[in-house]
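Inside the fold
Spelled out, the chains give:
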Amino acid sequence: AIISTSSLLLVMGQIKSKAMRDSFEAKHCTTTGLYPKCSWPAKTIKKLVCDKKLSPIFKGVEEPTAGNVEMDECPICFLSYPMGLNRARCCRQEICTECFLQIKETPTTICDCPFCNKNDFAVVYLGPKSRAERETEQEDQRKVEEAQLRMREEEIKKDRERAKKLEQEKQKQNSQEKQSASRSSQTDDSFSESEASTSDSESESEGEPQIPDAQVAVDFNDMLANNHNPAELEDLMIMEAIRLSLLEGNAN
Ligand SMILES: [Zn+2]
Ligand SMILES: [Zn+2]
């Protein structure tokens, strides 16, 4: 029998696509162990991925490589994946397949959306993001970063103004203190003058007992200032205290 070229090509194409699909299934339809346990049957996962109902499973990476492969970060596991992620049917939030298989624990589990709390969480897979979608996302990200930068600059400006105001207030306070200090030093001078004039009459009118022993009458402050032996000073202080109490006893 003679086979036409076109039918031969068709068969070859089918074989080729089947081989590709097999290898693709083998690589990206089984869980990678991101979670220790997955209750979904392997066959169900495989069918969903092959039917493009769930995004193909890849081992997520911590840092998306700055290469030509576009990656998307799953907001649940914070790992990045190629080929696009699943989208929540309710709020369009992205989620990787392995995280989805944990949140919806089994094919029949009914649960709430982890992002917006709507009931009966389900996802769709739309393939990798289009260039337009990515550009919109980048534009949004740029706007957010710009707004954050503006806010930071505003904050720094406010901080500077606050510091300046504080400094001005401090200077004002300092100059006020200086003024009042110079005023009070003037009054101090006049006070000491009057004190000096009355000191003589005061000592004359003093009726208190005079210190009998000149040797015991020690200026303790002077001794402290001249770094006398503290033990010796203590002894002297005790002796002085005894002497004063004895004097008091005599007076009574
Ligand atoms: Zn994830
Ligand atoms: Zn949602």
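The structure displayed is predicted, hence computed values, not measured ones. (Residues numbered from 1 in each chain as written. Chains lettered and ligands numbered in written order. Predicted model: local features only at pLDDT ≥ 70, side-chain atom pairs only at ≥ 80, totals over all residues. Heavy atoms only, no water.)

**What to know about the overall build of the protein chain**
On a plain count of helices and strands, the protein chain comes out with six helices and five strands. Ordered by position from the N terminus, the helices and strands of the protein chain form the series α-α-β-β-β-β-α-β-α-α-α. Taken over 252 residues, the protein chain has a buried fraction of 19%. Counted over contacts in the protein chain with a minimum sequence separation of 6, partners at least 24 positions apart contribute 53%. Roughly 19,600 Å² of accessible area belongs to the protein chain as shown, and the carbon and sulfur atoms make up 54% of that amount. (Helix = DSSP H or I, 4+ residues; strand = E, 2+ residues; numbered from the N terminus. Buried < 20%, exposed > 50% of the residue type's maximum accessible area, 1.4 Å probe, protein only. Contact = heavy atoms within 4.5 Å. Areas by Shrake-Rupley, 256 points an atom, 1.4 Å probe, with all protein chains shown as cover.)

**A word on the coordination of the zinc ion (ligand 2)**
Here the zinc ion (ligand 2) is held by C90 (SG), C91 (SG), C113 (SG) and C116 (SG), and the distances to it run 2.2 to 2.3 Å. Coordination geometry of the zinc ion (ligand 2): the four donor atoms subtend angles of 102 to 120 degrees at the metal centre, consistent with an arrangement described as tetrahedral. Considered as a linear motif, the donors of the zinc ion (ligand 2) on their single chain read C-C-x21-C-x2-C. (Donors = N, O, S within 2.8 Å, 3.2 Å for Na, K, Ca; no water. Tetrahedral: all angles 85-135°; square planar, octahedral: opposite > 155°, others 65-115°.)

**Digging into the packing of aromatic side chains**
Using the criterion set out here, one finds two aromatic pairs in the structure. Measuring from centroid to centroid gives 6.0 Å for W40 and F100, while their planes differ by 50 degrees, and the two rings are tilted. One end of the pair, W40, is in the loop between α1 (5–28) and α2 (42–50); the other, F100, is in helix α3 (residues 97–103), with 60 residues separating them in the sequence. Since its relative accessible area comes to 5%, F100 is described here as buried. (Phe/Tyr/Trp six-rings, centres within 6.5 Å; stacked < 30°, edge-to-face > 60°.)

**Examining the nonpolar core**
In terms of nonpolar packing, the biggest core is built from 22 residues, with C74, C77, Y81, I95, C96, F100 and F121 touching the most fellow members. Elements supplying a minimum of two residues to this core: α2 and α3. Residue contributions to this core peak at three residues, all from α3. Once residues lying within four places of it in the same chain are set aside, the contact partners of Y81 are L34, F58, K59, G60, E70, M71, D72, C74 and C96. (Core = buried A, V, L, I, M, F, W, Y, C linked by side-chain atoms within 4.5 Å.)

**Observations regarding the side chain of N86**
Mapped onto the fold, N86 is located in strand β3 (residues 86–88). On the basis of relative accessible area, N86 is assigned to the buried category, the value being 0%. Among the polar contacts made by the side chain of N86, one reaches the side chain of T97 at a distance of 3.1 Å. Residue contacts for N86: discarding those within four places in its chain leaves K53, L54, S55, Q93, E94, I95, C96, T97, V123, V124 and Y125. (Polar contact = N/O pair within 3.5 Å; in protein donor to acceptor, adjacent residues only side chain to side chain.)

**Considering the sheet that holds β3**
Strand order in the open sheet made by the three strands is β4-β3-β5, with antiparallel pairing throughout. Unpaired on one side and paired on the other, β4 (94–95) and β5 (123–125) mark the two borders of the sheet. Where β3 and β4 come together, two bridges link them in antiparallel fashion. Opposite R87, over in β4, you have E94 as the bridge partner. (Pairing = 2+ DSSP bridges.)

**A closer look at the coordination of the zinc ion (ligand 1)**
The zinc ion (ligand 1) binds to the protein through C74 (SG), C77 (SG), C96 (SG) and C99 (SG); the donor distances cover 2.3 to 2.4 Å. Within one chain, the residues serving as donors to the zinc ion (ligand 1) are arranged as C-x2-C-x18-C-x2-C. One end of the pair, C77, is in the loop between β1 (72–73) and β2 (80–81); the other, C96, is in the loop between β4 and α3, with 19 residues separating them in the sequence. We classify C96 as buried; its relative accessible area is 2%.

**Some points on the environment of I95**
Residue placement: I95 occurs in strand β4. Exposure remark for I95: the relative accessible area of 0% places this residue in the buried category. For the pair I95 and Y125, spaced 30 residues apart in sequence, the C-alpha separation works out to 9.9 Å. When neighbours within four sequence positions are excluded, I95 is seen to be in contact with C74, I76, L85, N86, F100, I103, F115, F121 and V123.

**Side note on empty space enclosed by the protein**
Per the stated rule, a full pass over the model turns up one cavity of 30 Å³ or more. Reported here for the largest cavity is a volume of approximately 60 Å³. Forming the walls of the largest cavity are S55, P56, I57, F58, Y81, P82, G84, L85, C96, T97 and E98. When grouped by side-chain class, the residues that make up the lining of the largest cavity number seven nonpolar, three polar and one charged. (1 Å grid on protein atoms, 1.4 Å probe; cavity = no way out; pocket = protein on both sides within 12 Å on 5 of 7 lines; lining within 4 Å. Points joined across faces, edges and corners; volume = space filled by probe spheres on them. Nonpolar A, V, L, I, M, F, W, Y, C, P; charged D, E, K, R; others polar.)

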